[in-house]
Amino acid sequence: NYTSSRITTQGKKSFKYGRVDIRARLPYGKGLWPALWMLGENISTVGWPACGEIDIMEMVGGANSDNTVHGTAHWEQNGHANYGGSNKLPSGIFAHEYHVFSIIWDAQQIRWYRDDILYQTIDITPSALSEFHEDHFFIFNVAVGGNWPGSPNASTTFPQTMKVDYIRVFQK
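Residues numbered from 1 in each chain as written. Predicted model: local features only at pLDDT ≥ 70, side-chain atom pairs only at ≥ 80, totals over all residues. Heavy atoms only, no water.

Trainee: Sorry, what's going on with the packing of aromatic side chains here?
Mentor: Pairs of aromatic rings are described using the distance from one ring centre to the other and the angle between the two planes. A full pass over the atoms with the stated rule returns seven aromatic pairs. A ring pair is formed by phenylalanine 15 and phenylalanine 138, whose centres lie 5.6 Å apart and whose planes are at 50°; its orientation type is tilted. In this pair, phenylalanine 15 sits in strand 2 (residues 14–15) while phenylalanine 138 sits in strand 11 (residues 136–144), placing the two residues 123 residues apart along the sequence. Each member of the pair, phenylalanine 15 as well as phenylalanine 138, carries the same accessibility label: buried. Each ring, one from phenylalanine 94 and one from phenylalanine 101, has its centre 5.7 Å from the other, and the planes form 50°; the classification is tilted. Comparing phenylalanine 94 with phenylalanine 101 shows no difference in burial state: the two are buried. In textbook terms, an aromatic cluster arises when at least three aromatic residues are bridged by ring pairs, as seen for Phe15, Tyr17, Trp105, Phe138 and Phe140. Directly above the aromatic system of tyrosine 113 lies the positively charged group of arginine 19, at a separation of 5.9 Å from the ring centroid. For arginine 168, the ring lying beneath its charged end belongs to tyrosine 166, and the centroid distance is 3.7 Å. (Phe/Tyr/Trp six-rings, centres within 6.5 Å; stacked < 30°, edge-to-face > 60°. Helix = DSSP H or I, 4+ residues; strand = E, 2+ residues; numbered from the N terminus. Buried < 20%, exposed > 50% of the residue type's maximum accessible area, 1.4 Å probe, protein only. Lys NZ or Arg CZ within 6 Å of the ring centre and 35° of its normal.)

Dropping the structure here:
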């Protein structure tokens, strides 16, 4: 009885390296799973996770997690491999005001930020992480339900929205 939505730049705009800033206000509640992320442009030929995935921001909605976002990289290494971290607001939840979710991605590493606070870094120089040296496109979505957040419950308020004020990509 629920629908999810996504916007993608696949086949329209992709890039490799740079700084990405996304100012957004997130939905909240059990079973909601907003994400601002990227996939390798070559997904249709190599599949997932071999294309690489960069989760700029994911939040698993719920009473104890509407204040925490996750930044994660996914890749192929004899199956699915991933590395990530999380950042928790000192007070409030991500639905109360806009926040800027960022990555700085270069040939050596990907660094994740929330409101210019660094909370995660991955070294992408090992050859096993070659996925992160290819073009990636954006996906912005709000999923409802799923393995990670579970299903909405009686405490979940609908309708919900994710509001994106801007997306900025800076490249040399």
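Trainee: What am I meant to see in the pattern of salt bridges here?
Mentor: Pairing of side chains with opposite charge becomes possible as their charged atoms draw close. Counted according to the given criterion, the structure contains five salt bridges. Across the salt bridge formed by aspartate 21 and arginine 19, the nearest N and O atoms sit 2.8 Å from each other. Classification of aspartate 21 as buried rests on a relative accessible area of 10%. Put simply, aspartate 106 and arginine 111 hold a salt bridge, and the shortest N to O gap is 3.7 Å. On the basis of relative accessibility, which here comes to 23%, the residue aspartate 106 falls in the partly exposed class. Put simply, Arg19, Asp21 and Asp116 are held in one network by salt bridges that share partners. (Salt bridge = Lys/Arg side-chain N within 4 Å of Asp/Glu carboxyl O.)

Trainee: In this structure, what is going on with the pairing of strand 11? I would like to understand it.
Mentor: In the case of a regular strand, side chains alternate between the two sheet surfaces. Counting buried residues in strand 11 gives nine out of nine residues, a clear majority hidden from the surface. Burial of strand 11 is two-sided: the residues His136, Phe138, Phe140, Val142 and Val144 facing one way and the residues Phe137, Ile139, Asn141 and Ala143 facing the other way are all buried. Here strand 1 (residues 5–8) runs beside strand 11; their pairing, made up of four bridges, is antiparallel. Considered in strand 11, the bridge of threonine 8 is made with isoleucine 139. Across two bridges, the pairing between strand 2 and strand 11 is antiparallel. Along strand 11, the bridge assignment pairs serine 14 with phenylalanine 137. Sheet topology note: the strand 4 (residues 32–40)/strand 11 ladder contains nine bridges and is antiparallel. Note on strand 11: the bridge partner recorded for tryptophan 33 is alanine 143. (Pairing = 2+ DSSP bridges.)

Trainee: Whenever I open this one, the nonpolar core confuses me. Can you help?
Mentor: For soluble globular proteins, the rule of thumb is that nonpolar side chains tend to be buried together. Membership of the largest hydrophobic core comes to 31 residues, with the highest contact counts inside it found for Leu26, Phe101, Ile103, Trp105, Ile110 and Phe132. If you list the elements that add at least two residues to this core, you get strand 3 (18–25), strand 4, strand 5 (53–58), strand 6 (68–76), strand 8 (99–105), strand 9 (109–114), strand 10 (117–123) and strand 11. Ranked by size, the runner-up nonpolar core spans six residues in total, among them Ala35, Trp37, Cys51 and Ile139. (Core = buried A, V, L, I, M, F, W, Y, C linked by side-chain atoms within 4.5 Å.)

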